[in-house]
Amino acid sequence: MNIALLGNKRAGKTSILKVVFQKISPNETLFTESTSRIEEINVYNNPYTKFTIIDFPGTFQISQMNANERKYLQNCSLVIYVLDAQDKPYERSLDAFVSILREVHGMNSQCFFEMFIHKIDGDMFMNDDVKLEVLNEVSDSVRLKISDREIPEPSYSLTSIYDLSIYEALSKVVQKITPQVGYLQNMLDVLMNHCRIDKVYVFDVITKLYIATDSTPVDLISYELCSDMIDVVIDVSCIYGLVESENINSVFDKKSTAIIKLDSGLTLYLREIEHMLALVCLVKADNFDRQHLIDYNIECFREGARKIFEAREKWIKDEEESKSFN
Ligand SMILES: Nc1nc2c(ncn2[C@@H]2O[C@H](COP(=O)(O)OP(=O)(O)OP(=O)(O)O)[C@@H](O)[C@H]2O)c(=O)[nH]1
Ligand SMILES: [Mg+2]
């Protein structure tokens, strides 16, 4: 699964990748060098989080693409266009985005399109109304430019590397291109109803992107709480764990589990379910009285998820074998 990252020079593409996938602090991206050629980042943190992100240089022009660039775009499942929201007017960037939409859709009709309206931070965007205004302005303008109904409507996210918005947007992107997500969501709904859980996420521990959640709406507060819990567990394990190490891989394992009781009456519960994959849920303290039942149901979810991914792996292998046989 390939994701292409496109956008103007200094729009923030490389910074997004550095912050989310290489764990560099946002301030350290201030002097990031401009990207001069296509760069690939392979993400393979656990069996359920496997994809490649292709960072295009801002100088890339769809009208002048070479054979190599064309090959990348033909093979990608999703294109993210990063628009610098602090760089007004947007007209030329939106024209570029629409050209990319047309061209890529023409050669790869299965591809999804996403726009990150990025750098939505600082004094300019203190007010939520201003953010919404920009979102409406951009989406209306793109809709007017795509007169052709054949071209799919892109999705939009307001993002910044200085808060969790970029993690939430990228989580949704990864879910869009993961075919198993629907099944996982159904299973999480069942788990939630049987165990009287308020909200449940399945996290990739390394990036803290959530690869699945139940079907109730995601609110940033619950996402932040659950994602902070992962940090707490890793920090405590690094300091007090059996193995003294700063490497996440060696401090987060099958036995990793944690319970945090909050003043608000909610309990946060974390369990490892696969290598570098954690299930984190929010439960009202009163509903957390029979932990063994929750554990039993999480075990059932783990088994179900494993079977779904194994079936997919087998299907891909069979497809590849039949292709090479033909
Ligand atoms: N305020 C703010 N600045 C950001 C954000 N994301 C990136 N930047 C800044 O934007 C500048 C350019 O970032 P890059 O990541 O190099 O941009 P790019 O799109 O990769 O640029 P090219 O490689 O030239 O195509 C850096 O100084 C970043 O610190 C953000 O969310 N908010
Ligand atoms: Mg770059």
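Predicted model, so just to flag it, every value in this text is computed and none were measured.

With that settled, the discussion passes to the packing of aromatic side chains. Applying the stated criterion across every chain, the model contains 10 aromatic pairs. Both rings, one in Phe56 and one in Tyr72, keep their centres 6.4 Å apart while their planes meet at 80 degrees; by these two values the pair is edge-to-face. Of this pair, Phe56 sits in the loop between strand S3 (49-55) and helix H2 (67-74) while Tyr72 is found in helix H2, placing the two residues 16 residues apart along the sequence. Phe56 sits in the buried class, given a relative accessible area of 1%. Both rings, one in Tyr269 and one in Phe288, keep their centres 5.3 Å apart while their planes meet at 65 degrees; by these two values the pair is edge-to-face. Here Phe288 lies in the loop between strand S11 (277-284) and helix H9 (291-325) and Tyr269 lies in strand S10 (residues 266-274), a separation of 19 residues in the sequence. Each member of the pair Tyr269 and Phe288 is classed as buried. Among the aromatic residues, those joined into a cluster by ring pairs are Tyr201, Phe203, Tyr210 and Tyr223.

For the pair helix H3 (residues 91-107) and helix H4 (residues 128-145), interaxial distance at closest approach is 10 Å and the crossing angle is 50 degrees. Between H3 and H4, the interaxial angle falls into the category oblique. Pair H3 / H4 crosses with right-handed handedness. Residues Glu91, Leu94, Asp95, Phe97, Val98 and Arg102 of H3 touch H4, and the partners they reach there are Val138, Ser141, Val142 and Lys145. Broken down by class, the residue content of the contact of H3 with H4 amounts to 5 nonpolar, 1 polar and 4 charged.

For the magnesium ion (ligand 2), the protein coordination sphere consists of Thr14 (OG1) and Thr35 (OG1), at 2.0 Å. One end of the pair, Thr14, is in helix H1 (residues 13-21); the other, Thr35, is in the loop between H1 and strand S2 (39-46), with 21 residues separating them in the sequence. Taking the relative accessible area as the measure of exposure, Thr14 reaches 15% and is therefore buried.

With domains assigned, the protein is organised as domain 1 (2-176) and domain 2 (181-325). Once you take the C-alpha centre of each, domain 1 and domain 2 turn out to be 28 Å apart. Taken together, the contact pairs 17 residues of domain 1 with 22 residues of domain 2. Taken together, the two surfaces of domain 1 and domain 2 that pack against each other cover about 1800 Å², and 64% of this comes from carbon and sulfur. Put simply, domain 1 and domain 2 have 0 salt bridges between them. The interface formed by domain 1 and domain 2 includes 6 residue pairs in polar contact (both at pLDDT 80 or more). Going through the elements one at a time, H1, S2, S3 and helix H5 (165-176) are the ones with two or more residues in the side of domain 1 that touches domain 2. Taken together, the residues of the side of domain 1 that touches domain 2 break down into 8 nonpolar, 5 polar and 4 charged.

In this structure, Phe21, Ile80 and Leu170 are the most contacted members of the largest nonpolar core, which totals 44 residues. It is helix H7 (residues 220-240) that contributes the most residues to this core, 7 residues altogether. Looking at this core, you find at least three residues from each of domain 1 (2-176) and domain 2 (181-325). Beyond its immediate sequence surroundings of up to four residues, Phe21 is in contact with Val43, Phe51, Ile53, Leu170, Thr207 and Leu209. Core analysis: the second largest hydrophobic core is formed by 35 residues, Phe60, Leu73, Val79 and Tyr81 among them.

Conventions adopted
- Residues numbered from 1 in each chain as written.
- Chains lettered and ligands numbered in written order.
- Predicted model: local features only at pLDDT ≥ 70, side-chain atom pairs only at ≥ 80, totals over all residues.
- Heavy atoms only, no water.
- Phe/Tyr/Trp six-rings, centres within 6.5 Å; stacked < 30°, edge-to-face > 60°.
- Helix = DSSP H or I, 4+ residues; strand = E, 2+ residues; numbered from the N terminus.
- Buried < 20%, exposed > 50% of the residue type's maximum accessible area, 1.4 Å probe, protein only.
- Axes fitted to C-alpha atoms, helices over the stretch in contact; angles between N-to-C directions.
- Parallel < 35°, antiparallel > 145°, perpendicular 65-115°, else oblique.
- Left-handed = near helix turned anticlockwise from the far one by under 90°.
- Contact = heavy atoms within 4.5 Å.
- Nonpolar A, V, L, I, M, F, W, Y, C, P; charged D, E, K, R; others polar.
- Donors = N, O, S within 2.8 Å, 3.2 Å for Na, K, Ca; no water.
- Domains from an automatic or database assignment.
- Buried area = accessible area lost by both parts, 1.4 Å probe.
- Salt bridge = Lys/Arg side-chain N within 4 Å of Asp/Glu carboxyl O.
- Polar contact = N/O pair within 3.5 Å; in protein donor to acceptor, adjacent residues only side chain to side chain.
- Core = buried A, V, L, I, M, F, W, Y, C linked by side-chain atoms within 4.5 Å.

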